[in-house]
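Residue-level listing of the chains:
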Amino acid sequence: MSVSLQHLTVTVTDGPDTLTILDDLSLAVEAGEVIALTGESGSGKSTLLAVAGLLRRPDAGTVAIAGTDTTGLSRKELTRLRGSAIGFVFQTANLFPSLTALEQVELVAHMAGRLDRAARERARSLLESVGLESRLGHRPAQLSGGERQRVGIARALMNEPAVLLADEPTAALDDRRGREITALLVEQAEQQGVATLIVTHNPAQLPAGTRRLALAGGRVLDPADAGR
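In what follows, the accompanying structure is described. All values derive from a computational prediction rather than experimental measurement.

### Re the overall build of the protein
Scanning the protein from terminus to terminus reveals six helices and ten strands. Its C-alpha radius of gyration of 18 Å places the protein within 12% of the 17 Å reference for a compact globule of 228 residues. The principal-axis extent of the C-alpha atoms belonging to the protein is close to 50 × 40 × 35 Å. Taking all 228 residues of the protein together, 45% fall into the buried category. Across the protein, the fraction of contacts at a sequence separation of at least 24, relative to all contacts at a separation of at least 6, is 70%. A total of about 11,000 Å² of accessible surface is found on the protein, and carbon and sulfur atoms cover 48% of it. For the protein, the separation between the mean place of its 24 positive charges and that of its 27 negative charges on side chains is 6 Å.

Here it is as structure tokens:
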């Protein structure tokens with residue numbers, strides 16, 4: 001099991017009130033499995049990703065990543081596990097303006113202290129796999145929005161993560177490019193055996209057959225029941 005979230009509870013204080021964002025929520029994602037999570041604004045989708053990405057500790061419950069129970073880990077240990085086991089794709093690619101597409105992806109290996117020949121070859125191969133073989137030397141200003149997101153996907157996969165978390169990755173794109181990016185995420189996740197959780201406001205962009213779950217009331221529901 002690459003991601004195991006069990007009985008998660010997250011609360012926040014709003015003046016004299018305590019609001020429950022996640023309510024005894026459980027969810028698991030296997031290696032190579034892709035789950036798309038939908039839900040209204042404020043339903044807790046981003047909080048769930050933050051907990052799954054080890055950016056926030058739950059008030060209760062357990063988070064296991066690639067077989068490692070994170071409950072007792074220190075902040076330094078969480079940072080190390082996050083860097084080695086989790087890739088993130090955001091609403092915008094957040095690329096460095098001065099770096100080429102190839103350098104953006106290589107930077108991930110450099111920060112991990114292992115930018116060797118094999119890493120450089122992997123960076124090139126990943127960019128080719130997302131259709132950017134002719135854009136390796138281009139900087140962000142020379143790339144379209146969809147191309148920048150493709151760089152972001154390649155960058156997220158660079159360190160061979162066990163888990164990929166995508167937070168509204170098509171929010172800044174038109175519908176056609178959104179469908180292309182979502183299909184690419186699913187394709188790459190399945191090919192590379194990465195457990196993938198995609199938060200999306202537009203489930204119509206998902207490829208046919210993608211498993212969909214809805215978040216409502218701090219719990220994961222079958223989409224057919226989400227509006228009841």
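### Topic: the sheet that holds strand E2 (residues 17-29)
Strand order in this open sheet of four strands is E2-E1-E4-E5, and the pairing throughout is antiparallel. Each edge of the open sheet is held by one strand with a lone partner, namely E2 and strand E5 (68-69). Where strand E1 (residues 3-14) meets E2, nine bridges bridge the pair, whose relative direction is antiparallel. Within the sheet, the bridge partner assigned to aspartate 14 lies in E2 and is aspartate 17.

About the cut-offs
Residues numbered from 1 in each chain as written. Predicted model: local features only at pLDDT ≥ 70, side-chain atom pairs only at ≥ 80, totals over all residues. Heavy atoms only, no water. Helix = DSSP H or I, 4+ residues; strand = E, 2+ residues; numbered from the N terminus. Rg over C-alpha atoms; globule rule 2.2 N^0.38 Å. Buried < 20%, exposed > 50% of the residue type's maximum accessible area, 1.4 Å probe, protein only. Contact = heavy atoms within 4.5 Å. Areas by Shrake-Rupley, 256 points an atom, 1.4 Å probe, with all protein chains shown as cover. Lys, Arg positive; Asp, Glu negative; His and termini not counted. Charge placed at Lys NZ, Arg CZ, Asp CG, Glu CD. Pairing = 2+ DSSP bridges.

Read these as spatial facts, not as claims about activity.
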